Amino acid sequence: MLELIIYGIGFFVLTLLLQYLLSKFRKDGNQGDSAIWVGNNAIIVICIFGIMQHNIDYFAAITGFIVADGVTKCYQNKL
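Residues numbered from 1 in each chain as written. Predicted model: local features only at pLDDT ≥ 70, side-chain atom pairs only at ≥ 80, totals over all residues. Heavy atoms only, no water.

As a further point, take the environment of Met-1. The residue Met-1 is located in the segment before helix H1 (2–25) in this model. The sequence separation of Met-1 and Asp-57 amounts to 56 residues, and the corresponding C-alpha distance is 9.4 Å. (Helix = DSSP H or I, 4+ residues; strand = E, 2+ residues; numbered from the N terminus.)

Among the nonpolar cores identified, the biggest contains eight residues, and these are Phe-11, Ala-42, Ile-43, Ile-46, Tyr-58, Ala-61, Ile-62 and Phe-65. With four residues, helix H3 (residues 57–78) is the largest single contributor of residues to this core. (Core = buried A, V, L, I, M, F, W, Y, C linked by side-chain atoms within 4.5 Å. Buried < 20%, exposed > 50% of the residue type's maximum accessible area, 1.4 Å probe, protein only.)

Turning to the environment of Val-67, a few remarks are in order. Turning to its location among the elements, Val-67 is positioned in helix H3. On the basis of relative accessible area, Val-67 is assigned to the partly exposed category, the value being 44%.

Another aspect to go through is a nonpolar patch on the surface. Taken together, the side chains of Met-1, Leu-2, Leu-4, Ile-5, Ile-6, Ile-9, Val-13, Ile-51, Ile-56 and Phe-59 make up a nonpolar region of the molecular surface, amounting to roughly 1000 Å² of accessible area. For the nonpolar patch, the element with the most residues is H1, which contributes six residues. Inspection of the secondary structure assignment puts Leu-2 in helix H1. By relative accessible area, Leu-2 is classed as exposed at 60%. (Patch = residues over 30% accessible without salt bridge, like charges linked within 9 Å, V, L, I, M, F, W, Y side chains within 5 Å. Areas by Shrake-Rupley, 256 points an atom, 1.4 Å probe, with all protein chains shown as cover. Salt bridge = Lys/Arg side-chain N within 4 Å of Asp/Glu carboxyl O.)

Below you can see the structure in the form of structure tokens.
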């Protein structure tokens with residue numbers, strides 16, 4: 001159970017950090033078709049890794065990613 005929590009929190013923090021850094025480097029923002037580490041494409045990639053490795057912990061990582069992605073989208077909409 002602790003491992004699931006660590007994966008969820010780890011991906012939450014990692015996603016927030018990566019999306020922040022990418023928004024600073026990409027002047028037009030990290031949105032649209034050329035976005036990196038956001039949206040459904042990243043969720044699909046994480047799911048595929050979890051299925052290929054037969055590791056349930058990736059689903060906790062997906063939860064952390066989805067929450068962080070939502071937080072980032074809300075924050076960007078307020079700017």
